[in-house]
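Structural features, examined
Each chain, written out:
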Amino acid sequence: MIIAERKPIDELKGFIAEAKKVLVVGCRGCVTVCNAGGTKEVGLLASLLRLDCEKEGRQVQVDEHTLERQCDPEYIDELLELVEKKYDAILSMACSVGPQFIAARYPDQNVFPSLNTLFIGGALKHGAWAERCQGCGNCVIHRFGGLCPIARCAKSLQNGPCGGSAGGICEISKDVECVWHLITTKMMETGRAETDFVPVQPMKDWSSSRDGGPRTIIREDLVK
Ligand code: SF4
Ligand code: SF4
């Protein structure tokens, strides 16, 4: 899923500094799962903003709404009735796709991103998430024991480790495991080092990655 976290409250307060009517919009997708922008977080942020405005003696109406997803036009359309109430600021609590979709659908609205979108990853335990994929468009983890060196090596090395790997730890931080240590350990422990592991990895085809600009997928079997 996409992992995100809420922007600092001062930044959000800055977005609504001149506003009299604010709409906070959540998303029931990834950001609900990672506790950043679901119904609960929308309620919390709206309450915080109300309290803060009250403290400053400002009369600001802060409304709340959570969509099924903000990355799907059919759900964005649901906002029409609310948007017609003319908000001065819409704070989107989705990943950064959400505010872009809302701004595109309602071009005369002031839409602000309330979250910082961080990475594609998963939960290590309750309340802890880690990056696992950089969306390179041509997955090659089968060559690395199911571990992604692009997302998990600080240098995205496909022929690692580098000289900075020590005791299983990456040179960038004592808190970061060297994924190349994990890869080689796993290959040896599972007896695949001799058979499956290519000592010098072939050049990766990056044409599916971002270098050609933003990517689009068109599934002819689904397009109406
Ligand atoms: S190889 Fe590419 S697609 Fe596969 S996990 Fe790594 S970044 Fe993601
Ligand atoms: S120490 Fe390991 S994870 Fe860190 S940059 Fe070098 S090879 Fe990559």
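These numbers were taken from a predicted model, which means no experiment stands behind them.

What counts, and where the lines are drawn
- Residues numbered from 1 in each chain as written.
- Chains lettered and ligands numbered in written order.
- Predicted model: local features only at pLDDT ≥ 70, side-chain atom pairs only at ≥ 80, totals over all residues.
- Helix = DSSP H or I, 4+ residues; strand = E, 2+ residues; numbered from the N terminus.
- Pairing = 2+ DSSP bridges.
- Axes fitted to C-alpha atoms, helices over the stretch in contact; angles between N-to-C directions.
- Near = placed C-beta within 6 Å.
- Nonpolar A, V, L, I, M, F, W, Y, C, P; charged D, E, K, R; others polar.
- Buried ≥ 20, exposed ≤ 12 C-beta atoms within 10 Å, placed from the backbone.
- Core = buried A, V, L, I, M, F, W, Y, C linked by C-beta atoms within 7 Å.
- Contact = placed C-beta atoms within 7 Å.

To continue, consider unusual backbone geometry. Between Gly-160 and the following residue, Pro-161, the backbone shows a cis peptide bond with an omega angle of -5°. Within the secondary structure, Pro-161 sits in the loop between helix 7 (149–152) and helix 8 (179–189).

Further remarks concern the sheet that holds strand 1 (residues 2–6). In space, the 3 strands of this open sheet follow the order 1-6-7, with antiparallel pairing throughout. Each end of this open sheet is capped by a strand with a single partner; those strands are strand 1 and strand 7 (128–133). Direction aside, the axes of adjacent strands within the sheet are offset by 70° on average. Two strands pair when backbone bridges link them, and strand 6 (residues 115–125) and strand 7 are joined in this way by 5 bridges, in the antiparallel orientation. Considered in strand 7, the bridge of Gly-121 is made with Glu-131.

Turning our eyes to something else, we now look at the site of ligand 1. The full set of residues close to ligand 1 is Cys-133, Gln-134, Gly-135, Cys-136, Cys-139, Val-140, Ile-141, Cys-148, Ile-150 and Ala-151. Classifying every residue of the shell around ligand 1 by side-chain character gives 8 nonpolar, 2 polar and no charged.

A large share of strand 2 (residues 21–27) lies buried, amounting to 6 of its 7 residues. Looking at chain direction, strand 2 and strand 3 (residues 61–67) are connected through 7 bridges and run parallel. Across the sheet, the residue bridging to Val-22 is Val-62, located in strand 3. Judged from the 4 bridges that link them, strand 2 and strand 4 (residues 89–92) form a sheet pairing that is parallel. Each bridged residue has a counterpart across the sheet, and for Leu-23 the counterpart in strand 4 is Ile-90.

What follows concerns the nonpolar core. Ranked by size, the top nonpolar core spans 35 residues in total, and within it Val-22, Val-24, Val-31, Ile-90, Leu-91 and Met-93 carry the most contacts. For this core, the secondary structure elements donating two or more residues are strand 1, strand 2, helix 2 (30–33), helix 3 (39–55), strand 3, strand 4, helix 6 (97–105) and strand 5 (111–113). Take this core: its biggest share by element is 5 residues, from strand 2. Once residues within four sequence positions are removed from consideration, Ile-90 is found in contact with Leu-23, Val-25, Ile-102, Gln-109, Asn-110, Val-111 and Phe-112.

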